Structure formats: structure tokens, C-alpha cells
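# Inside the fold
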Amino acid sequence: MEETPPGQRQPQPAHASPPFPAPGSFTPPQRVFSPALAAGGTPSPGSGHGAPAHLSTPPGPPVFSSPLRPAAVPFRATPASPHPVPFAAAGGGYSSSSSATTASLPTSSAPHFLNGAATPHGDLAPAPSPLQGDGLDNPYVQFSANKVLKQKKLLNTPSLGFGALVSPGKEVPPGPEVVERDPRRCLNCGAYVNLYCDISIGSGQWQCIICKKLNCSEGEFVVSSKQDLLQWPELASTTVDYVQVGNRRPGFVPVSDSRVSGPIFILIDECLDEAHLQHLQGSLHAFVDSLPPTAKIGIITYGRTVSVYDFSEGSAVSADVLPGNKSPTHESLKALIYGTGVYMSPIHASLPVAHTIFSSLRPYQLSVPEVSRDRCLGAAVEVALGIIQGPSVELSRGIIKRSGGNCRILACVGGPCTFGPGSVPHSVKHPNYAYLEKTAMKWMESLGHEAQRHSTVVDIFCAGQCPVRVPVLQPLAKCSGGVLLLHDDFGEAFGVNLQRASTRAAGSHGLFEIRCSDNMLVTQVIGPGEEASPDSHETFKHDSSFCIQMHSVEEAQSFSVSMETKCDIKSDFVFFQFAVHYSNVYQAEITRVITMRLQTVDGLSAYLASVQEDVASVIIGKRTVLRARTASDAIDMRQSIDERVKDIALKFGTQAPKSKLYRFPKELASLPECVFHLKRGPLLGSIIGHEDERSVLRNLFLNTSFDLSLRMLAPRCIMHREGGTFEELPAYDLVMQPNAAVVLDHGTDIFIWLGAELAAQEGQSAAALAACRTLAEELSEQRFPAPRILSFKQGSSQARYFVSRLIPAHKDPTYEQESRFPQLRTLTPDQRARLKSSFIHFDDHSFCEWMRSLKLVPPEPS
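It should be emphasised that the depicted structure is a prediction, and the values quoted were computed from it without experimental measurement.

This part covers the packing of aromatic side chains. The final tally for this structure, using the stated rule, is 18 aromatic pairs. Ring centres 6.2 Å apart and planes at 40° place the aromatic pair Phe-162 and Phe-576 in the tilted group. Within this pair, whereas Phe-162 is found in strand E8 (residues 162-166), its partner Phe-576 is found in strand E27 (residues 573-583), the two being separated by 414 residues in sequence. Residue classification places Phe-162 among the buried positions, given a relative accessible area of 2%. Overall, Phe-576 belongs to the buried group, its relative accessible area being 0%. Taking the centre distance of 6.2 Å and the plane angle of 45° together, the rings of Phe-847 and Trp-850 count as tilted. Here Trp-850 and Phe-847 lie together in helix H20 (residues 847-853), a separation of three residues that amounts to about one turn. One exposure class covers both Phe-847 and Trp-850, and it is buried. Members of the aromatic cluster, each reached through a chain of ring pairs, are Phe-143, Phe-162, Phe-512, Phe-559, Phe-576 and Phe-578. Positioned above the aromatic ring of Phe-221 is the side chain of Arg-184, whose terminal nitrogen or guanidinium carbon lies 5.8 Å from the ring centre.

So, in C-alpha cells, the structure goes:
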């Protein structure tokens, strides 16, 4: 495409670390924050917006013959999609005193202790007893254990560790209590008043649970009885949303249930071959049809130039073209913004034009290999950002607050950025490639931060067989709060992810604060953000909070928070407070405060019984995967898993009688199997071919929600039974029975396997395949990213995807097979014999063999 000056029309065609930190390696007040490399997203509503048939919502779930065994992940693998926080007026008094004041109030008399908290004598009473639950069912926070061990040495054991998974942007019906006023905060440490605070009903003073200082409520909490404190939502609930609606009228409540979305810019790679382009056109047509009528869109294509399409020409397709070899100049952006063109338009006014634009796209014409074609993705993103900012680009930052929520740039990418700013050479064999790649990564990171400052999220959707140079593109997605995904093609999964990405309710300018009592110390945080600088948030005189700058605030995100204690714990409870500040899609300022407490225990057995194995496994998985930055690092991390499991058995298990083997603690029976899946699976193993694919999966795993993290860690195996029902079974290769159909959910991939005998029966295999497909779609209906769903027959070349994810239990003795896989007992001797003969023997350990190789007794199945 020839370059033309802005405003002139051109017709368009119709890495090795130690296994785990040594005890005491984190010294207070040192804090370690480990940002992951990609942000997760929020699922879209299952109903969609009138998507075409091939992307429509699947039928209802099949019926299970018996209840599934309890699991951390419900049948619907991710929660329902959120609606933005309504601004319902809440009861209670006027807002708190200024949090800028740092002086603490003196205590009039010596304190005494009540429930482990220092409490002054007099009429200072604890919060109402009905509210003193620990809030362990809080949907936003999941601890690795529901009790805290008092002994420092054991609690800080690095192989098991103590921590929490926090999803501060998660939305669940009916949602938290909403309060339209400023939160009341401790003037000494900045913690928020909550239901666990001791409150003097006579004077209104309240005692902070974190620093134990007294605070004045300016008479607000002066009541006749402690039951009257229930009128304040923050004193009656573990989770409260404080909403500041700015210039909106008081009590404003959104009437519509439809999701508010900001402008969406679609960036399209114009260097695609015909087959890929046809798939992409189908996905784009379906995507714009799925958008609500009020959604505003813009369309840009990029190759050697950046073409910005104009919606003002009606049925004609026209675009303004800018050069792609350099960043757009201020003058060229000004010519676009103040020109006559319409580059962003609501769907209800521009849908026919958008379809015409997509239909007019043509495949790449030159005989140049895919990897060598010029693509100026960096310049295209800069142009899109300039148009999104509009006239405010000329004003100082912060003067104009654009309405309509976060903006999104959805980049449809078929190859690497090889032209203009942020580009790398076509070939990795270029003599200066390493330096140029590092320079490009730094430029993309800067562009991502610029997008994040302007509340714009950049999602990058890659497809096809051409390497896209993931290390270069990843910083752009990460730093803007977006996500980078790889697809096999531009077909159905690609189109579904476009739709779900566009409807993620995203908050911007997020700040996540963590506060703990009783000498608990945050030692590491893994998630979609970076440690906040001290000048980026309000601080208090003795504020010990750990603060994280979030790139975006979305539902399908979580932070893995590792904690230690600085000394033995004396009190009966430990308190934790998590607060996130952000601007939501209505441009209201939200402060969500989550306060929880855990009971402390002396006994090791009581502590181990409270361990949440799935949560602990995910935290261990994230700490391990974080260090697997390269293929060599991944090998080291696989070995570190062995050391970790052995150390847990030595510290918390018992020695078998008359043996040198150690028994793994029975309370943690499922944990070693989860991490064994991690060791063998795609995050650390070699069952997927390219390092770019592994890198994208790892980055997603480090940022995504608990539900998806658990599925990516340990697959879920469900066998189809006669009559259309299903049975959940362990993910062992014993499930590969010739007369069965099996669904294996591994988070980003769902596989449907048909046994050879079943596949030979045409009618039955079709019915089983249809039922399994329905189940797979139901399991992933709300998931982002949408998984690819592959089906294949026993013995086919693709079946290796399925087999490689199953534990090879066929090598175990019969008694162990039946103990861990009781379904085998239902098979006839002939079926058992055929199943046994179907296995191909290889050197991989079974789970029991692996445990014995570590000098451990395999735990009894739970």
C-alpha cells in the first residue's frame, strides 16, 4: 500500500535458582514482589449478544449419574460474569475524618486483652458476636490453611509455606455491601474500620486490629447498644465497597443491566495468507455482530503502513494512511482528530460499514515468507492510542477524564512486529538480534505503560504457524493490563476470545494494599501488577502495608500472596485486610475492603487438618513456575518439586515403622499428586513443542484466577457413561478404556477421547461425541481465555495430547490400581485384559513409583 499524507483518502480494495527459599531468607522489612508477565481477563456473560450459531451458547449440562466428588472448582469452572458495581446509597453516618492526619490518639488507661486484641478498659466492647465469624467462605480470598500455626519455625517452612490467593476484582452475586461515603481509617497505620474492631459504644472510639491504636469516630459510633452497630455495613460484613461517584448525582443507580464498555479499536494484520484471512474475516464478522448497539469501535489495518478506516463514507470503504516506519507525529494525529473523518463510531450506526470493511480485506500478494513480511504493530497501537485520547491529547494529563470505562485495543496478529518502532529483525540469526530484541522489548513496555496511564488495555491475539516473537509482544500486553494469547488459527476459539475479551469489565488505576497483624509479613506477591512506588499512594505514619500497582482490575485475576511470621504468635487470632482502589467502568472511584481473621493453633495436626490442599498446590505451583523463565530453568524447577515434596514429608510426616521411608501427612494426601501433574504438564514439562507456547501458558497461569489456575495445574477427567451421564475419575491412563469416551479439562485445552471400540460403532460414537462436546462447552462457557476443544480417536496421532497429560498408572500393581482407580472393579476380566494390552510401555514414572523414588510412602487416596 502506498503511503499518503494524513487526511488524503486512499480507496481500499472491496532460568537455575534454589528449589525454594531457605528459612529466614526474607528479612523484615524486606519485601519481594514478583510481577507475572500477563494479565488475566474476565469472562463474558454466557448469553452473549446475539452471537451467530457457531459461537452460540451450548445446551444445558448433561446429567451426572452420581454426584461428582467434591472439588475446589465447581461444575461451571468460572463464576458468572460480573455487572459493574451499582451505586446504591447506604445507611450510616457521614464520612470519616481526614486520613491525611497521622497523629494517633492516646490510650487513657492500661489495656487489657480481649480475643487476642489489646483493648482498653471501660465501655469498649467487641463487635457484635453474630458478626465474629472468620469469613472463611469469602469469595475474594482463599488461604492455604484456615488456621495459623503459632510456631514460627514450622509455619515458615518454605516447602509448604503459608499464603493466600486474592481476587480483588472478582464479582459475585449479590455482591458486597455498597457505601457511598469515604471509608474510616486508622490514623496511625491506615487500616480500615471493620467488623472485628473493638468499639466503645459510649465514646465512639474504635481500636485498629492491625496496630491496636485507638481512633476517634467523631461521635459516629456512639450508640445505645452494640447491636445498633449493625447499621454500618463496614461493621456487619467482611467485604465492603466504598463508592465515590464524583459529579454524578447522589444515589445514582444504573438502570440498565447491559455491560458498559469503552471504545474498542480492532487492529488487523494485513499480511495474512488467504486461508488465514478467510478464518479471520469470519471471526470479525461474528465479533461485531455480538457487540451491543452502543459499543463504539474503530478499525485499523497495519503492514508497512497504518490504515485508519473512516466510518463517515457510508457504503464506501476509505481510510487515512500513515507511515509505519516511525511513530505518528503530533501534526499527523492532530490532522486525524480534527479532520472530517469518523474513526470511532457506535455499532448501531456503523455495523454495515464494519462488515464492508472486513469483506474488503485481501490476502497478502507478494511472494515473501510470512516471517519476513513487514508489520508495524507498534506504530498501529500508537495511532489507536492517539485517536482514543482524542482532543485531550493536547491537554496535560488528568484534566479530562474520558467517560465510558476502559478502552480496549484488540490486536489480531499473524506474525512478528518487524517494521517501525518496537520491531525486531526478520531473522533470529541476525548478528545483532539479541540487542535489538532487548531494545524492542523496552519500547513495547514503555508503550504498554503509556496505554495503562490512559486507561487503555491492549489484548494481543496471535494465530497461525508463524512465530510472533512472544518476548517482544508480551510486555505491551502485560504493562497495559491486557493478555497475549496464541491460537492454532483465526477460527472459532479465536472468535470466542475476541468476544469475551471485549466484554470483560475492567477497572483502571488500581492499587492493591495488604495489611496483616501480629508480626505477619508479606514476603512475595505474584500477580498482574508491580510493587507501587511510595509516592504513588497515600501513606500513614506507621503504615506497614504492602502496596501493588495493578495494571487493570478484572475478575479473572488473582494474586498469590506468600506470608511468614517474624516470631512465634501469642494471640488467638491473626487479622488480614486486603483493599483495592480503582476506577470502574462508570468512572466511579471504588475502594473494596476485605477483612478476615484466622484462628491460631498450637497443635500441628490441627494446622494440617485446616490446610486447603488445592489452594496450597496452586500457590506452590505459582512460586515454582515464576522461576521457570527458560527451558533450562524449567528442568531445574522439575527437580525442585522433588525436593519440596521430600521436605514436606520430613517436616510434617512420620517415618514408616521398620522402614527408612517417610509417610506423607494424610491431611495433605492430594497435594503431591497435584504437583506431580505440574511436573509432567505443559507448564514445566515438554509435552508442548515450542518455548513461546510454554511462555504464554506460564504467564497466564501466574496471573489468572484460582479456578483456572487449578485446572491448568491438575487436569479434570470425566468419563461418559451409557445413557448420557458422566462420572469423574482420577486423571490416570487407566481411563483409556476402548469402549469409553472421556473429557479431559486442562484449563486452556479440553480434549475429547474416543476409545477404539466405541469409535467403530457409528451411532453410539456420534451420540457420545455430541454429549462430550456439550459438556466441554458447558465447562468452559464463562472461561477466559476460551480453551481450544480437540476431539480424536484412540490411536490417532493427536491422541498424544491426551495421553501425555494422564498419569501412567497402568504400570502399578493391581491392588494399587484398584485402590486409586476403583472404577476398574466394574470391568469384566476380558475388559481388564484388553485394557492392559492396549498400553505402550515407556519410562515415565507412575505417581506411586515417583513417590517411592523419593523414599516416601505414597499417601492413601482421599
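This part covers the packing of helix H2 (residues 274-290) against helix H4 (residues 347-360). Packing of H2 against H4 leaves a shortest axis separation of 10 Å and a crossing angle of 175°. Comparing the axis directions of H2 and H4 gives the class roughly antiparallel. Where H2 approaches H4, its residues Gln-281, Leu-284, His-285, Val-288 and Asp-289 are matched on the opposing element by Ile-347, Leu-351, His-355, Phe-358 and Ser-359. Residues of the contact of H2 with H4, tallied by class, amount to five nonpolar, four polar and one charged.

Read from one edge to the other, the open sheet built from three strands follows the order E29-E30-E36, with strand pairing classed as mixed. Unpaired on one side and paired on the other, strand E29 (654-655) and strand E36 (856-857) mark the two borders of the sheet. For E29 and strand E30 (residues 662-663), the ladder comprises two bridges, and the chain directions are antiparallel. Across the sheet, Gln-655 pairs through a bridge with Tyr-662, a residue of E30.

Here we take up the side chain of Ser-705. Mapped onto the secondary structure, Ser-705 falls in the loop between helix H13 (691-703) and helix H14 (706-713). On the accessibility criterion, Ser-705 (11% relative accessible area) is buried. Not counting chain neighbours up to four residues away, the residues in contact with Ser-705 comprise Ala-556, Gln-557 and Ser-558.

In contact at an axis separation of 11 Å, helix H5 (residues 377-389) and helix H6 (residues 433-453) are set at 15° when each is read in the N-to-C sense. As summarised for this structure, H5 and H6 are arranged roughly parallel, according to the angle between their axes. H5 and H6 meet at a crossing whose hand is left-handed. Contacts from Gly-378, Val-381, Glu-382 and Leu-385 of H5 reach H6 at Trp-443, Met-444, Leu-447 and Ala-451. Grouping the amino acids of the contact of H5 with H6 by side-chain chemistry returns six nonpolar, one polar and one charged.

Now for the pattern of salt bridges. Enumeration over the complete set of coordinates arrives at 36 salt bridges. Taken together, the shared-partner salt bridges in this structure form one network comprising Arg-185, Glu-513, Arg-515 and Asp-543.

Ranked by internal contacts, the top residues of the largest apolar core, which has 109 residues, are Phe-143, Phe-162, Ile-514, Met-563, Phe-576, Val-735 and Phe-802. Counting 43 residues, the second largest nonpolar core, distinct from the first, contains Phe-265, Leu-322, Ala-384 and Tyr-433.

Our next topic: unusual backbone geometry. Here the residue pair Pro-173 and Pro-174 is connected by a cis peptide bond, since its omega of -5° sits within 30 degrees of zero. Of note, the amide linkage connecting Phe-784 to Pro-785 takes the cis form, showing an omega dihedral of 0°. In this structure, Pro-785 sits in the loop between helix H16 (762-779) and strand E35 (788-793). Residues other than glycine seldom take positive phi values, yet Glu-218 does so here, at roughly 55°. One can find Glu-218 in the loop between strand E12 (214-215) and strand E13 (239-244). Taking the relative accessible area as the measure of exposure, Glu-218 reaches 54% and is therefore exposed.

So, on to helix H11 (residues 631-652). An α-helix turns once every 3.6 residues. As a result, residues three or four positions apart point the same way. Helix length check: H11, at 22 residues, gives a terminal C-alpha distance of 32 Å against a target of 32 Å (1.5 Å per residue), a fit within 8%. Within the sequence span of H11, burial applies to Asp-633, Ala-634, Met-637, Ser-640, Ile-641, Asp-642, Arg-644, Val-645, Asp-647, Ile-648, Ala-649 and Phe-652.

Working definition: the covalent bond between the sulfur atoms of two cysteines is a disulfide. If you walk through the whole model with that rule in mind, you get zero disulfides. Not engaged in a disulfide, the cysteine Cys-376 finds its nearest cysteine sulfur in Cys-417; these two sulfurs lie 7.3 Å apart.

What follows covers the pairing of strand E20 (residues 456-463). Counting buried positions over the eight residues of E20 gives eight, a clear majority of the element. Neither face of E20 is left uncovered, since the one carrying Thr-456, Val-458, Ile-460 and Cys-462 and the one carrying Val-457, Asp-459, Phe-461 and Ala-463 both have all their residues buried. Of the pairings in the sheet, the one linking strand E19 (residues 407-413) to E20 comprises seven bridges and is parallel in character. Across the sheet, residue Ala-411 finds its bridge partner in E20, namely Ile-460. Handedness of the crossover is the feature at issue here: the chain leaves E19, passes through H6, returns alongside E20, and the resulting connection is right-handed. Note that E20 and strand E21 (residues 484-487) share four bridges and pair parallel. Considered in E21, the bridge of Phe-461 is made with Leu-485.

A few words now on the pairing of E8. By the criterion of burial, E8 is predominantly enclosed, with five of the five residues buried. Going residue by residue along E8, you find Phe-162, Ala-164 and Val-166 tucked away on one face and Gly-163 and Leu-165 tucked away on the opposite face as well. Bridging between strand E6 (residues 141-143) and E8 involves three bridges; their strand directions are antiparallel. Of the residues in E8, the one forming a bridge with Gln-142 is Leu-165. Judged from the five bridges that link them, E8 and strand E26 (residues 559-565) form a sheet pairing that is antiparallel. Looking at E26, one finds that Leu-165 is bridged to Ser-560.

As summarised here, the arrangement of the five strands in space is E32-E31-E33-E34-E35, forming an open sheet in which the pairing is mixed. Looking along the sheet, the strands with just one partner apiece sit at the ends: strand E32 (726-729) and E35. Averaged over all neighbouring strand pairs, the angle between strand axes comes to 20°, with direction disregarded. Bridging between strand E33 (residues 741-745) and strand E34 (residues 749-754) involves five bridges; their strand directions are antiparallel. Within the sheet, the bridge partner assigned to Val-743 lies in E34 and is Ile-752. Sheet strands touched by H16: strand E31 (716-720), E32, E33, E34 and E35. Its angle to E34, the strand with the most contacts, is close to 165°.

Turning to the confidence of the model for the chain, a few remarks are in order. The predicted coordinates should not be examined in detail at positions where pLDDT is low. Per-chain confidence: the chain averages 81 in pLDDT, with 80% of residues scoring 70 or above. Per-residue pLDDT stays below 50 along residues 1-132; that stretch engages in 383 contacts with residues further than four places along the chain or on separate chains. Ignoring residues within four places in sequence, the model shows residues 393-404, a span with pLDDT below 50, making 24 contacts including any to other chains.

Assignment of secondary structure puts Thr-595 in strand E28 (residues 589-601). On the accessibility criterion, Thr-595 (1% relative accessible area) is buried. Sequence separation of Thr-595 and Ala-579 is 16 residues, and the distance between their C-alpha atoms is 8.5 Å. Those residues in contact with Thr-595 that sit more than four places away from it in its chain are Asn-194, Tyr-196, Ile-209, Thr-238, Phe-576 and Gln-577. Side-chain polar atoms of Thr-595 contact the side chain of Gln-577, separated by 3.0 Å.

Conventions and cut-offs
Residues numbered from 1 in each chain as written. Predicted model: local features only at pLDDT ≥ 70, side-chain atom pairs only at ≥ 80, totals over all residues. Heavy atoms only, no water. Phe/Tyr/Trp six-rings, centres within 6.5 Å; stacked < 30°, edge-to-face > 60°. Helix = DSSP H or I, 4+ residues; strand = E, 2+ residues; numbered from the N terminus. Buried < 20%, exposed > 50% of the residue type's maximum accessible area, 1.4 Å probe, protein only. Lys NZ or Arg CZ within 6 Å of the ring centre and 35° of its normal. Axes fitted to C-alpha atoms, helices over the stretch in contact; angles between N-to-C directions. Parallel < 35°, antiparallel > 145°, perpendicular 65-115°, else oblique. Contact = heavy atoms within 4.5 Å. Nonpolar A, V, L, I, M, F, W, Y, C, P; charged D, E, K, R; others polar. Pairing = 2+ DSSP bridges. Left-handed = near helix turned anticlockwise from the far one by under 90°. Salt bridge = Lys/Arg side-chain N within 4 Å of Asp/Glu carboxyl O. Core = buried A, V, L, I, M, F, W, Y, C linked by side-chain atoms within 4.5 Å. Expected span 1.5 Å × (residues − 1). Disulfide = S-S within 2.5 Å. Right-handed = clockwise from strand over helix to strand, strands pointing away. pLDDT = per-residue confidence, 0-100. Polar contact = N/O pair within 3.5 Å; in protein donor to acceptor, adjacent residues only side chain to side chain.

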